[in-house]
Amino acid sequence: MGERDEPGTIGRRVQQLRVARGLTQKQLAEPVYTPAYISTLEAGRVRPSDDALRHLAERLGVEFDELATGRSARRVTELRLRLTEAQRALAVGEAESAVEQYTALLAEAEAQELAEEQAAALLGLGECALDTGDLADGRRYFEEAEARLADAPLPARVPALRGRAVAHYLAGELRYAVYLLESTIDELNRGGLHDPDALLLLYASVIGPYMDMGAHARAAQAAEFALALAPQSGDPALVARMHRSVARTLLAEGRLAEADASLAKAAELYRGLQLRTELANCHWMRGYVYAQNGELERAEAEMREALHMLSATRATLYSSQLTVELADVLHRRGRSEEAAELLRDVLGGLSPERGAVHAAAAHRLLGIIAEDARDTDQAEEHYVRALSLLERAGAAGDLADLCRLLGDLLRRTGRVEAALDAYRTGLGHRTAPGTTTLGPAPAQPPV
């Protein structure tokens, strides 16, 4: 349980426990030690040996670790058990229940000064915030988790770093999100820290920002790496439940180390369940690639599979973003009314601070559908809204295309000067397909 407290702290703890149990120094000391030794120990003038602490712990009815560090090994294991229960709640989509559990667990971990457990609770609260779209709160939780793990190895800090990057991405800060993810991937791979779970989390998370920035080649490569790293499991929820039950049994029998090991396996499996969202992103990327290649039927199938996976985890913000891209495929397949209905349903859940790029894409597509229906006023309104959202997010490639659409619409309605302004704005944001101002790609993993 870590290093021992100072002699003075241990001495005060022994005295408080002895007095609380109504024992004299002589009763506590017998039969191995003397009352004088106990008096010296309680005064903090001697550092007790392990044997002395074991004797005192037995006489006082506490665990050795609790006497030496002020922390009960049993309570820590029970706290970890409850952390896996909160992970389960989040993994199966019970975000409200998970928030309540993580909040209580954070307070307990802080009271016991358990940095690792504090970070786990903060990560859970951050993931809950991402699911509900509370991005500012999520970013704050991830930053606090990262601070608690400041002295931990990089792989241990990856979930917090990834969470922070995703919060920035969902807020429309694409370039900074890519910087955070790429620099962490690069540090892991160049430093030989080839942790498969950490790399899977990072590669899967960088796909979305790459796609929105027009870095299609990098997105496809990241999806390939993520799928190659993805763990295989028959029924992780069932196995995790088994490990939790086993841990309870072991805990009841006082076998704390074995209970901790079983809980670690359960926690790993629940993390795997949360990767369902990341693997859904890989199906999403495949659908996007098929759509770019004109294979619209295959694109629709991949996107619907991804949407099914995201809906199962109640990842509402991700589901909204994916629905926009599915609507584009439906429109291209001649099902514009169905596409427009999907877009109107999801726009309420998107905003400049929550999915700006996909909100812009929804308005752009609704503008195209309105143009097809010869409703130019409605089309222009959607294009202007999309333009404002894209300028804020810095999605240069999409901006150039949108300005072309708006310029064409303005020219057809006789507003030539306004059309020229739109074209000039678009030229200022023009980029070649599949290129960005990103730096070199990060080092590759040993897949």
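Within each chain, residues carry numbers counting from 1 in the order of the written sequence. Only residues with pLDDT of at least 70 get local features here, since the model is predicted, and only at 80 or more are side-chain atom pairs given and counted; chain-wide, interface and lining totals rely on the full set of residues. Each side-chain value is worked out from all heavy atoms of the structure, with water and hydrogens disregarded.

Participant: Can you break down the overall build of the protein residue by residue, with the values?
Facilitator: Put simply, DSSP H or I for four residues or longer makes a helix, DSSP E for two residues or longer makes a strand, and each gets a number counted from the N terminus. Secondary structure summary: the protein contains 22 helices and zero strands in total. A burial count over the protein gives 50% of its 447 residues as buried. Residue contacts follow a heavy-atom distance rule, with two residues in contact if any of their heavy atoms lie within 4.5 Å. In the protein, 63% of the contacts between residues at least 6 apart in sequence involve partners at least 24 apart. By element, 49% of the accessible surface of the protein is carried by carbon and sulfur atoms, the whole surface being about 20,800 Å². Buried, partly exposed and exposed residues are distinguished by accessible area as a fraction of the type maximum, computed with a 1.4 Å probe on protein chains only: under 20%, between the cut-offs, and over 50%, respectively. Accessible areas in this description were obtained via Shrake-Rupley with a 1.4 Å probe; residue shielding takes into account the shown protein chains only.

Participant: Help me get a handle on the environment of Ala361, residues and values and all.
Facilitator: Position of Ala361 among the secondary structure elements: in helix α19 (residues 356-372). The partly exposed category is assigned to Ala361, whose relative accessible area is 27%. Between the C-alpha atom of Ala361 and that of Tyr383, which follows or precedes it by 22 residues, the distance is 9.5 Å.

Participant: Break down the nonpolar core for me, with residues and values.
Facilitator: Take the buried residues of types Ala, Val, Leu, Ile, Met, Phe, Trp, Tyr and Cys, join any two whose side-chain atoms come within 4.5 Å, and each joined set is a nonpolar core. By size, the foremost hydrophobic cluster in this structure holds 110 residues, and its most contacted members are Tyr102, Leu130, Leu170, Tyr203, Leu343 and Tyr383. Looking at which element gives the most residues to this core, the answer is helix α12 (residues 196-213), with twelve residues. Those residues within four positions of Leu343 in sequence are excluded, and the remaining contacts are Val324, Ala327, Ala362, Leu365, Leu366 and Ile369. Counting 14 residues, the second largest nonpolar core, distinct from the first, contains Leu17, Leu53, Val62 and Ala68.

Participant: So what about the packing of aromatic side chains? Which residues, and what values?
Facilitator: A pair of Phe, Tyr and Trp rings is counted when the ring centres sit within 6.5 Å of each other, with Trp represented by its six-membered ring. The angle between the planes then sorts it: under 30 degrees is stacked, over 60 is edge-to-face, the rest tilted. A full pass over the atoms with the stated rule returns two aromatic pairs. Between Tyr33 and Tyr37 the ring centres are 5.1 Å apart and the planes differ by 20 degrees, which places this aromatic pair in the stacked class. Taking relative accessible area as the criterion, Tyr33 reaches 23% and is therefore assigned partly exposed. With a centroid separation of 6.0 Å and 25 degrees between ring planes, the pair formed by Tyr176 and Tyr179 is classed as stacked. Here Tyr176 and its partner Tyr179 are both found in helix α11 (residues 174-190), three residues apart, which amounts to about one turn of the helix. Under the relative-accessibility criterion, Tyr176 is labelled partly exposed at 36%. By relative accessible area, Tyr179 is classed as exposed at 52%. When the ring centre of Phe64 is taken as origin, the NZ or CZ atom of Arg54, which lies over that ring, is 5.1 Å away. Working rule: Lys NZ or Arg CZ, within 6 Å of ring centre, within 35 degrees of ring normal, means a charge sits over the ring. Of note, Arg140 hangs over the ring of Tyr141, and the distance from its end group to the ring centre comes to 4.7 Å.

Participant: Give a description of α19 that names residues and reports values.
Facilitator: The periodicity of an α-helix, 3.6 residues per turn, causes residues three or four positions apart to be oriented the same way. A helix's residues, less one, multiplied by 1.5 Å, set its expected span. The first and last C-alpha atoms of α19 sit 24 Å apart over 17 residues, in line with the 24 Å expected at 1.5 Å per residue. Across the 17 residues of α19, 14 count as buried, placing the element largely inside the fold. Just past α19, the residue Arg374 takes up positive phi, approximately 65 degrees.

Participant: Now, about the packing of helix α7 (residues 95-111) against helix α8 (residues 115-132): what can you tell me, with residues and values included?
Facilitator: The N-to-C vectors of α7 and α8 enclose an angle of 155 degrees; their axes lie 8 Å apart at closest approach. It follows that α7 is roughly antiparallel to α8 by the angle criterion. The crossing of α7 and α8 is left-handed. Between α7 and α8, the residues in contact are Ala95, Ala98, Val99, Tyr102, Thr103, Leu105, Leu106, Ala109 and Glu110 and Glu117, Gln118, Ala120, Ala121, Leu122, Gly124, Leu125, Cys128 and Thr132, respectively. Of the residues contributing to the contact of α7 with α8, the split by class is twelve nonpolar, four polar and two charged. Lines fitted to C-alpha atoms define the axes, with helix axes restricted to the stretch in contact, and inter-axis angles between N-to-C directions lie between 0 and 180 degrees. The scheme is simple: roughly parallel for angles under 35 degrees, roughly antiparallel for over 145, roughly perpendicular for 65 to 115, oblique for anything else. We call a crossing left-handed when the near helix sits turned anticlockwise from the far one by less than a right angle, and right-handed when that turn is clockwise. Only Asp, Glu, Lys and Arg are considered charged in this grouping, and only Ala, Val, Leu, Ile, Met, Phe, Trp, Tyr, Cys and Pro are considered nonpolar; every other residue, Gly among them, is considered polar.

Participant: Quick rundown of the pattern of salt bridges? Include the residues and the values.
Facilitator: Take a side-chain nitrogen of Lys or Arg and a carboxyl oxygen of Asp or Glu: if they are within 4 Å of each other, that pair is a salt bridge. This model, assessed by the stated rule, comprises 27 salt bridges. Residue Arg80 is joined to Glu117 by a salt bridge in which the shortest nitrogen-to-oxygen separation is 2.7 Å. Taken as a pair, Arg80 in helix α6 (residues 73-91) and Glu117 in helix α8 lie far apart in primary sequence, 37 residues in all. Salt-bridge contacts for Arg148 lead to Glu110; the nearest nitrogen and oxygen are separated by 3.1 Å. Here Arg148, found in helix α9 (residues 135-148), pairs with Glu110, found in helix α7; they are 38 residues apart in sequence, far enough to count as distant. Judged by relative accessible area, which is 28%, Arg148 ranks as partly exposed. Where salt bridges share partners, they join Glu300, Arg304, Arg333, Arg335 and Glu338 into one cluster.

Participant: Run through the packing of helix α1 (residues 7-20) against helix α4 (residues 50-60), naming residues and quoting values.
Facilitator: To describe two helices that pack against each other, one gives the angle between their axes and the distance between the axes. Contact geometry of α1 with α4 gives a least axis separation of 10 Å together with a crossing angle of 25 degrees. What the angle tells us is that α1 and α4 run roughly parallel. The way α1 lies across α4 gives a crossing that is left-handed. Here Ile10, Val14, Leu17 and Arg18 of α1 come into contact with α4, specifically with Leu53, Leu56 and Leu60. Of the residues in the contact of α1 with α4, the class split is six nonpolar, no polar and one charged.

Participant: Break down the side chain of His382 for me, citing the residues and quoting the values.
Facilitator: Mapped onto the elements of the fold, His382 is located in helix α20 (residues 376-393). Not counting residues within four places of it along the chain, the set of residues in contact with His382 comprises His363, Leu366 and Gly367.

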